Amino acid sequence: MSEKYPFSKGLAGVPAAETVLSYIDGERGKLYYLGIPIEEWAESSTFEEVALALLLRRLPKREELKMFNAALRSARELPPEVVDFILDMPLDSHPMTVLRSVVSLLEAYDYDAKLDDLEAKFRISLRLIARFPTVVAYFDRARKGLELVPPDPTLGHAANFLYMLKGERPTDYEARVMDVALILHADHGMNASTFASMVVASTLSDMYSAITAGIGALKGPLHGGANERVLRMFREIDSPEKAEEYVLAKLARKERVMGFGHRVYKAYDPRARILKRYAEELTKRSEYYQIALKVEEVMIREKGQKGIFPNVDFYSGLVYNGLGIDTDLFTPIFAIARVAGWTAHVLEYLEDNRIFRPRAVYKGEIDKRYTPIDER
Ligand code: ACO
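Participant: Would you take a moment to explain the pairing of strand β2 (residues 30–33) for this structure?
Facilitator: It is a general feature of regular strands that their side chains alternate between the two faces of the sheet. Where strand β1 (residues 22–25) and β2 come together, four bridges link them in antiparallel fashion. The residue of β2 that forms the bridge with Asp-25 is Lys-30. Linking β1 back to β2 in an antiparallel pair, the connection comprises four residues, with Gly-29 at a positive phi of about 65°. Pairing analysis gives two bridges linking β2 to strand β3 (residues 36–37), with the strands arranged antiparallel. Of the residues in β3, the one forming a bridge with Tyr-32 is Pro-37. Hairpin connection, β2 to β3: the antiparallel pair is bridged by two residues, and Leu-34 has positive phi, about 50°.

Participant: What's the story with the packing of helix α5 (residues 95–106) against helix α10 (residues 207–218) in this structure? I'm lost.
Facilitator: Between two packed helices, the angle of one axis relative to the other and the distance separating the axes together describe the packing. Packing of α5 against α10 leaves a shortest axis separation of 8 Å and a crossing angle of 170°. As judged from the angle between their axes, α5 and α10 are roughly antiparallel. Packed against α5, whose contacting residues are Met-96, Leu-99, Arg-100, Val-103, Ser-104 and Leu-106, the element α10 presents Tyr-208, Ile-211, Thr-212, Ile-215, Gly-216 and Leu-218 at the interface. Among the residues making up the contact of α5 with α10, the classes are represented as eight nonpolar, three polar and one charged.

Participant: I'm lost on the domain arrangement of the protein chain in this one. Help?
Facilitator: When the parts of a complex come together, some accessible area is lost, and that lost area is often taken as the interface size. Structurally, the protein chain comprises domain 1 (18–220 + 327–350) and domain 2 (226–322). Contacts between the two partners involve 27 residues from domain 1, matched on the other side by 25 residues from domain 2. Our count for the domain 1 to domain 2 interface comes out at zero salt bridges. The tally of links from domain 1 across to domain 2 stands at nine residue pairs in polar contact (both at pLDDT 80 or more). Elements represented by at least two residues in the side of domain 1 that touches domain 2 include exactly β2, α1 (38–44), α8 (172–185) and α16 (330–350). Element by element, the count of residues in the side of domain 1 that touches domain 2 is highest for α8, at seven residues. Looking at side-chain class alone, the side of domain 1 that touches domain 2 contains 13 nonpolar, eight polar and six charged residues.

Participant: Help me out: how do you make sense of unusual backbone geometry in this one?
Facilitator: Among all residues except glycine, the phi angle is most often negative; among peptide bonds, the trans geometry is most common. A positive phi is found at Leu-11, a non-glycine position, where the angle reads about 55°. By the element assignment, Leu-11 lies in the segment before β1. Of note, Leu-34 is a non-glycine position whose phi angle comes to about 50°, a positive value.

Participant: Sorry, what's going on with helix α14 (residues 287–303) here?
Facilitator: Helical geometry: 3.6 residues make up each α-helical turn, so side chains three or four residues apart lie on a common side. Spanning 17 residues, α14 covers 24 Å between terminal C-alpha atoms, matching the ideal 24 Å at 1.5 Å per step. Of all the residues in α14, the buried ones are Tyr-288, Tyr-289, Ile-291, Ala-292, Val-295, Glu-296, Val-298 and Met-299. The elements touched by buried residues of α14 are α11 (226–237), α12 (243–252), α13 (270–283) and α15 (312–322).

Participant: Just to check I follow, could you spell out the packing of aromatic side chains for this structure?
Facilitator: Here the distance between the centres and the angle between the planes together describe a pair of aromatic rings. Within this structure, the stated rule accounts for ten aromatic pairs. Measuring from centroid to centroid gives 6.1 Å for Tyr-23 and Tyr-32, while their planes differ by 20°, and the two rings are stacked. For Tyr-32, a relative accessible area of 15% gives the class buried. Measuring from centroid to centroid gives 5.2 Å for Phe-195 and Phe-356, while their planes differ by 80°, and the two rings are edge-to-face. Of the two residues, Phe-195 sits in helix α9 (residues 192–202) while Phe-356 sits in the segment after α16, which places them 161 residues apart along the sequence.

Participant: In this structure, what is going on with the layout of surface pockets? I would like to understand it.
Facilitator: A water-sized probe, rolled over the atoms, reveals where empty space remains. The volume enclosed by the largest pocket comes to roughly 1,600 Å³. Along the walls of the largest pocket sit 48 residues, with Leu-222, Gly-261, His-262, Arg-263 and Val-264 positioned nearest its centre. Elements with a minimum of two residues in the lining of the largest pocket: β1, α9, α14, α15 and α16. Of the residues forming the lining of the largest pocket, the biggest block, three residues, is contributed by β1. Grouping the constituent residues of the lining of the largest pocket by class yields 24 nonpolar, 14 polar and ten charged. Counting only domains with at least three residues in the lining of the largest pocket, you end up with domain 1 (18–220 + 327–350) and domain 2 (226–322). Quantified by volume, the second largest pocket comes out at close to 430 Å³. Surrounding the second largest pocket, 18 residues form its lining, Leu-11, Val-14, Arg-357, Pro-358 and Arg-359 being those nearest its centre. Class assignment for the residues of the lining of the second largest pocket results in 14 nonpolar, one polar and three charged.

Definitions and cut-offs
- Residues numbered from 1 in each chain as written.
- Predicted model: local features only at pLDDT ≥ 70, side-chain atom pairs only at ≥ 80, totals over all residues.
- Heavy atoms only, no water.
- Pairing = 2+ DSSP bridges.
- Helix = DSSP H or I, 4+ residues; strand = E, 2+ residues; numbered from the N terminus.
- Axes fitted to C-alpha atoms, helices over the stretch in contact; angles between N-to-C directions.
- Parallel < 35°, antiparallel > 145°, perpendicular 65-115°, else oblique.
- Contact = heavy atoms within 4.5 Å.
- Nonpolar A, V, L, I, M, F, W, Y, C, P; charged D, E, K, R; others polar.
- Domains from an automatic or database assignment.
- Salt bridge = Lys/Arg side-chain N within 4 Å of Asp/Glu carboxyl O.
- Polar contact = N/O pair within 3.5 Å; in protein donor to acceptor, adjacent residues only side chain to side chain.
- Expected span 1.5 Å × (residues − 1).
- Buried < 20%, exposed > 50% of the residue type's maximum accessible area, 1.4 Å probe, protein only.
- Phe/Tyr/Trp six-rings, centres within 6.5 Å; stacked < 30°, edge-to-face > 60°.
- 1 Å grid on protein atoms, 1.4 Å probe; cavity = no way out; pocket = protein on both sides within 12 Å on 5 of 7 lines; lining within 4 Å.
- Points joined across faces, edges and corners; volume = space filled by probe spheres on them.

Okay, here's the thing in structure tokens:
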């Protein structure tokens with residue numbers, strides 16, 4: 001079996017699909033959306049424009065972006081039954097659990113989910129992108145016993161999310177930091193959660209099921225769940241003086257240091273580089289930032305030659321922490337951005353769909369006899 005079907009654990013290096021959406025040059029530490037370097041998107045664009053560009057697979061015209069912005073703003077509110085469902089979730093649920101459950105439920109309230117055409121799936125994509133922030137903010141307010149803050153149609157995507165979360169309008173700087181964070185997380189090639197969404201979509205299941213799978217995959221600590229754990233690690237380390245000893249002890253025990261390493265990048269993740277700048281601006285004087293610098297220094301010294309550098313999750317948590325956001329919302333924020341990539345990849349793949357159906361290398365015996373239960 002294994003000679004006929006070459007096997008690569010974790011599908012490492014195995015191309016699963018063709019795409020024009022994003023490209024990672026792991027050796028040089030470069031990331032491109034639609035061929036344009038991520039630094040340029042972060043400098044000049046907005047999350048809304050990135051999302052539409054990914055969905056259209058090209059830069060949108062001014063009028064298209066205007067219409068998309070308006071449509072996003074008017075799609076932010078949730079059906080009242082779904083709001084009730086959020087209010088009924090156990091208060092100690094992880095916000096990713098809530099997001100995954102609510103996205104699954106939303107299918108039942110969307111007529112487009114019954115349609116098979118790509119236009120309907122595009123409309124669902126837009127609705128999902130518009131509604132993720134509302135789900136996350138509503139649950140966060142509800143669990144804190146605070147009144148829900150309805151979306152404000154005068155605010156852009158990032159600013160409105162911060163507004164719904166905190167109940168007050170963010171400064172332009174805060175809104176821009178969130179916008180850039182969303183831009184940086186919007187897409188990333190054939191990562192585990194994108195692949196999970198595509199596998200489900202390839203069976204011609206519905207868009208909501210596909211995206212629910214993506215959320216489930218992102219939740220794991222080896223993927224999007226790492227950002228939350230990075231901040232927990234900083235808390236555990238407690239002071240910059242203890243950082244070196246902590247990292248060395250972890251490495252000696254052959255444990256992973258969260259926020260480092262990547263399947264594709266063997267150089268510094270360009271997203272981490274951009275987020276580090278914001279982390280510095282927001283948290284320069286905090287202990288956490290000093291701990292982060294020390295952890296990075298020790299990790300690069302110990303593991304840099306093996307191609308292990310900070311990934312996007314290492315500095316994103318510090319940025320969100322600097323914006324006053326709770327730790328368990330970090331991964332949901334990742335999802336708020338990545339839903340653009342998930343939906344775009346699904347739409348792209350469905351244009352020339354083939355069901356994903358890999359093989360397993362069978363390692364067991366064959367032609368064994370069935371032993372009756374009394375004789376085992
Ligand atoms: N800390 C310490 N050692 C590491 C780390 C790390 N964070 N990451 C990789 N290594 C080491 C492994 O121990 C292994 O060493 P070995 O060859 O001596 O056994 C080697 O580097 C290769 O690691 P793999 O696990 O084979 O790499 P893989 O490509 O399968 O995993 C992953 C990539 C999951 C990201 C891994 O680097 C990791 O666990 N990192 C920590 C979690 C994390 O930050 N995840 C977020 C990734 S970015 C994202 O999803 C948004």
